[in-house]
Amino acid sequence: MSKTKIVVIQMKELIYTAIFAGLGILLILLLVFMFFPSRSKNNKENSSAQMNPYNPGVYNSEIVLGDNTLNLEVVVDSDQIKSVSFVNLEESVTTMYPLIQPSLATIEEELKKGTDIDSIPISEKSKYTQTLLIDGVKAALDKALTNPL
C-alpha cells in the first residue's frame, strides 16, 4: 500500500505567508510606477506649457520710487519677452534717478537674449535699481504665465 503523509500547516504560518506575499507584490508595483515614466495627458500639458510659458499680450506692474509710482510695461509673445519699458515716465523721475533708464535697457537686452530673469547679472553700480526693476518685471511676468503656481 501507499504511505499517506499528513502535513499540518498552522494558521499562523498561512497568515505570515499571505502578508509577505502581499508586501512583495506591493513593492514590485511601487518600483514599476517609480521607474517607468507615465505617458499621461498631464505630461503633454506640462510640456506644451514649457514650450509656451506666456499668454501673449501687454502686462503692467507698478514700482514705487520715493513719492513716485512708475508703470512698467512688459510685452510678451507666447515664448519670449519682446520688450520692457516705462509708461508715461516723467522727466523729474529720470532726473532724480539717473540710473533707471540704463538699468532697464540692460535688463531688457538680457531678457531679449533669452536669459532667465533669475540669472540676470546685476552690476554693483546700480544694484538697488536693477533689483527693484527685476522685481517689477517678475510681477508683470507672473500675470503673463499660462500655468501660474
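Quick summary incoming for the structure in this document. In this text, all values refer to a predicted model and were calculated from it rather than measured experimentally. Residue positions are given per chain, counting from 1 as you read along its sequence in written order. Per-residue local features of the predicted model are confined to residues with pLDDT of at least 70, and side-chain atom pairs are confined, for both listing and counting, to 80 or more; whole-chain, interface and lining totals are unaffected and use all residues. Excluded from the side-chain calculations are hydrogens and water; all other atoms, namely the structure's heavy atoms, are used.

**Focus on the packing of helix α4 (residues 100-113) against helix α5 (residues 127-144)**
Here's step 1: As a rule, the C-alpha atoms of each element are fitted with a line to give its axis, helices using only the stretch in contact, and angles between N-to-C directions run from 0 to 180 degrees. Helix and strand definitions here come from DSSP, where helices need a minimum of 4 consecutive H or I residues and strands a minimum of 2 consecutive E residues; each element is numbered from the N-terminal end. Contact pair α4 / α5: the axes reach a minimum separation of 9 Å and the direction vectors enclose 50°. As judged from the angle between their axes, α4 and α5 are oblique. For the crossing formed where α4 meets α5, the hand is right-handed. Of α5, the residues touching α4 (which contributes I100, S103, L104, T106, I107 and L111) are T129, Q130, L133, I134 and V137.
Here's step 2: Polar here means any residue other than Ala, Val, Leu, Ile, Met, Phe, Trp, Tyr, Cys and Pro, which are nonpolar, and Asp, Glu, Lys and Arg, which are charged; Gly is therefore polar. For the contact of α4 with α5, a count of residues per class yields seven nonpolar, four polar and no charged. Roughly parallel means an angle under 35 degrees; roughly antiparallel means over 145; roughly perpendicular covers 65 to 115; every other angle is labelled oblique. For a crossing to be left-handed, the near helix must be turned anticlockwise from the far one by less than a right angle; the clockwise case is right-handed. For this analysis, residues touch if any pair of their heavy atoms sits within 4.5 Å.

**Concerning the nonpolar core**
Here's step 1: Ranked by size, the top nonpolar core spans 24 residues in total, and within it V74, V76, I81, V84, L111, V137 and L141 carry the most contacts.
Here's step 2: At the level of secondary structure, the elements contributing two or more residues to this core comprise β1 (57-65), β2 (68-76), β3 (81-87), α4 and α5.
Here's step 3: If you tally residues by element for this core, the top one is α5, at six residues.
Here's step 4: With residues near it in sequence (within four places) discarded, L111 still touches I81, V84, I117, I120 and V137. For this analysis, a nonpolar core means a set of buried residues of the types Ala, Val, Leu, Ile, Met, Phe, Trp, Tyr and Cys, connected via side-chain atoms within 4.5 Å. Exposure categories follow from relative accessible area, calculated using a 1.4 Å probe and restricted to protein chains: below 20% of the type maximum is buried, above 50% is exposed, and the middle band is partly exposed.

**Remarks on α5**
For an α-helix, the turn length of 3.6 residues means that residues three or four places apart are oriented alike.
Here's step 1: The length a helix should cover is 1.5 Å for every residue beyond the first. Counted at 1.5 Å a residue, the expected span for α5 with its 18 residues is 26 Å, and the 26 Å between its end C-alpha atoms agrees.
Here's step 2: When we look at burial in α5, the residues that qualify are T129, Q130, L133, I134, G136, V137, A140, L141 and A144. Buried residues of α5 fall within an arc of 160° about the axis and therefore sit on the same side. Opposite the buried face of α5, at more than 90 degrees from it, the exposed residues are Y128 and K143.
Here's step 3: Where the residues of α5 are buried, they touch β1, β2, β3 and α4. Regarding the arc, it is the one traced by the directions from the helix axis to the C-beta atoms.

**A closer look at the layout of surface pockets**
Here's step 1: Within this scheme a cavity is a closed region of a 1 Å grid, computed over the protein atoms alone, that accommodates a 1.4 Å probe without allowing it to escape, whereas a pocket is open but has protein on both sides within 12 Å along at least five of seven lines; lining residues each have an atom within 4 Å of a point. Grid points are joined across faces, edges and corners, and a volume is the space filled by probe spheres set on the points. Quantified by volume, the largest pocket comes out at close to 300 Å³.
Here's step 2: Considering the residues around the largest pocket, the lining is formed by 16 residues, among which Y54, I81, D116, I117 and L141 are closest to the centre.
Here's step 3: The set of elements that each furnish at least two residues to the lining of the largest pocket consists of α4 and α5.
Here's step 4: The leading source of residues in the lining of the largest pocket is α5, at three residues.

**Topic: the side chain of Q130**
Here's step 1: Structurally, the position occupied by Q130 is in helix α5.
Here's step 2: On the basis of relative accessibility, which here comes to 4%, the residue Q130 falls in the buried class.
Here's step 3: Pairing of N or O atoms within 3.5 Å defines a polar contact, subject to two protein rules: one partner must be a possible hydrogen donor and the other a possible acceptor, and residues neighboring in sequence count only if both atoms are side-chain atoms. A distance of 3.0 Å separates the side chain of Q130 from the backbone nitrogen of S123, its partner in a polar contact.
Here's step 4: With residues up to four places along the chain from it excluded, the contact list for Q130 reads S103, T106, I107, P121, I122 and S123.

**Structural notes on the pattern of salt bridges**
Here's step 1: A side-chain nitrogen of Lys or Arg and a carboxyl oxygen of Asp or Glu constitute a salt bridge if their distance falls within 4 Å. Across all of its chains, the model carries four salt bridges by this definition.
Here's step 2: A salt bridge links E110 to K113, with the shortest nitrogen-to-oxygen separation between them at 3.6 Å. Of the two residues, E110 and K113 are both situated in helix α4; the distance of three residues between them amounts to about one turn of the helix.

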